[in-house]
Structures are given as structure tokens and as C-alpha cells.
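Each chain, letter by letter, is given below.
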Amino acid sequence: MKSIRKITKYRIKDLKEVYRIERKYWSTGDVDVLPAISNASKKIDPMNTNIASDLAKITYFRGGTFQTLVDALKLFGYEPEEEETANE
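The model shown is predicted, which means the values in this text are computed figures rather than measured ones.

Undergrad: Can you tell me about the overall build of the protein, naming the residues and giving the values?
TA: Scanning the protein from N- to C-terminus turns up four helices and two strands. Listed by position from the N terminus, the elements making up the protein come as β-α-α-α-α-β. Relative to its full complement of 88 residues, the protein shows a buried share of 33%. For the protein, the proportion of contacts with a sequence separation of at least 24, taken over those separated by at least 6, is 66%.

Next up, the structure:
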């Protein structure tokens, strides 16, 4: 049986925003940023809002880099769109 792998595209800048907010939350404990984490994660995948924030959290606590987060998302079928050019 053939498996059909769904690829979900996302913008790198949206993932950077999730990563930035997660780091801020875990370094400061400021609960006011929790809604911002949810809103930023919805831009990655509106149907599964926890995947980006959960992987960002794991990456933060394990001392991983942003590239580690991008690679982890690829394992779950999420691929970044091409980078936007300066003219867009």
C-alpha cells in the first residue's frame, strides 16, 4: 500500500516568530505572551497549532538551533517556502 505524505508549506519568518516568542516565554515566564504563541503557531498549521510551538520548546530546552527546529518539522511533513526576496 502506498502512503500519501502530505506536505505542509510554511513561511520561515512565521516559524522564527514562534521560536522567538517561545524563547521569550521560557526565559521570562511572562504568561502574557501565551496567546501570541498560539496565534503565531496557527500561521504554521491552523489545524495542528501545537506542533510548531512544541518543537520550538523542545529545541529551546535541548539547546538546539533554529535549523534543528526546521529539520524537526521536516520529519513531520512541514517544509519551508522559498525565502522572500527584498523586493516583495
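Undergrad: Give me the lowdown on the pattern of salt bridges, citing residues and values where you can.
TA: This structure, assessed with the given rule, holds four salt bridges. One salt bridge connects Glu79 with Lys9, and the closest N-O pair in it is separated by 4.0 Å. Of this pair, Glu79 sits in strand β2 (residues 78-80) while Lys9 sits in strand β1 (residues 8-10); the two residues are 70 residues apart in sequence, bridging distant segments of the chain. You can call Glu79 partly exposed: its relative accessible area is 28%. The closest approach of N and O atoms between Lys57 and Asp54, which form a salt bridge, is 3.7 Å. Here Asp54 and Lys57 lie together in helix α3 (residues 50-61), a separation of three residues that amounts to about one turn.

Undergrad: Just give me the short version of the side chain of Asp14, but keep the residues and values in it.
TA: Locating Asp14 in the fold gives a position in helix α1 (residues 12-28). Setting aside its immediate chain neighbours within four residues, Asp14 contacts Lys43 and Ile44.

Undergrad: Can you break down the environment of Asn50 residue by residue, with the values?
TA: Within the secondary structure, Asn50 is located in helix α3. Judged by its relative accessible area of 46%, Asn50 falls in the partly exposed class. Between the alpha carbons of Asn50 and Ile37 there is a distance of 9.4 Å; along the sequence they are 13 residues apart.

Undergrad: Hey, could you go over the side chain of Thr8 for me, with residue numbers and the actual values?
TA: As for its placement among the helices and strands, Thr8 is situated in strand β1. Not counting residues up to four positions away in its chain, the partners in contact with Thr8 are Ile44, Gly77, Tyr78 and Glu79.

Undergrad: For the packing of aromatic side chains, give the residues involved together with the corresponding values.
TA: When we look at a pair of aromatic rings, we describe it by the centre distance and by the angle of the planes. Under the counting rule described, the total for this entry stands at four aromatic pairs. A network of ring pairs unites the aromatic residues Tyr25, Trp26, Tyr60 and Phe61 as a single cluster. The ring of Phe66 is capped by Lys16, whose NZ or CZ atom sits 6.0 Å from the centre of that ring.

Undergrad: I'd love a proper account of helix α4 (residues 66-75), names of residues and values included.
TA: Listed in full, the buried residues belonging to α4 are Phe66, Leu69, Val70, Ala72 and Leu73. All buried residues of α4 project into a common sector of 160 degrees when viewed along the axis, lining one side. For α4, the elements touching its buried residues are β1, α1, α3 and β2.

Basis of the calculations
- Residues numbered from 1 in each chain as written.
- Predicted model: local features only at pLDDT ≥ 70, side-chain atom pairs only at ≥ 80, totals over all residues.
- Heavy atoms only, no water.
- Helix = DSSP H or I, 4+ residues; strand = E, 2+ residues; numbered from the N terminus.
- Buried < 20%, exposed > 50% of the residue type's maximum accessible area, 1.4 Å probe, protein only.
- Contact = heavy atoms within 4.5 Å.
- Salt bridge = Lys/Arg side-chain N within 4 Å of Asp/Glu carboxyl O.
- Phe/Tyr/Trp six-rings, centres within 6.5 Å; stacked < 30°, edge-to-face > 60°.
- Lys NZ or Arg CZ within 6 Å of the ring centre and 35° of its normal.
- Arc of directions from axis to C-beta.

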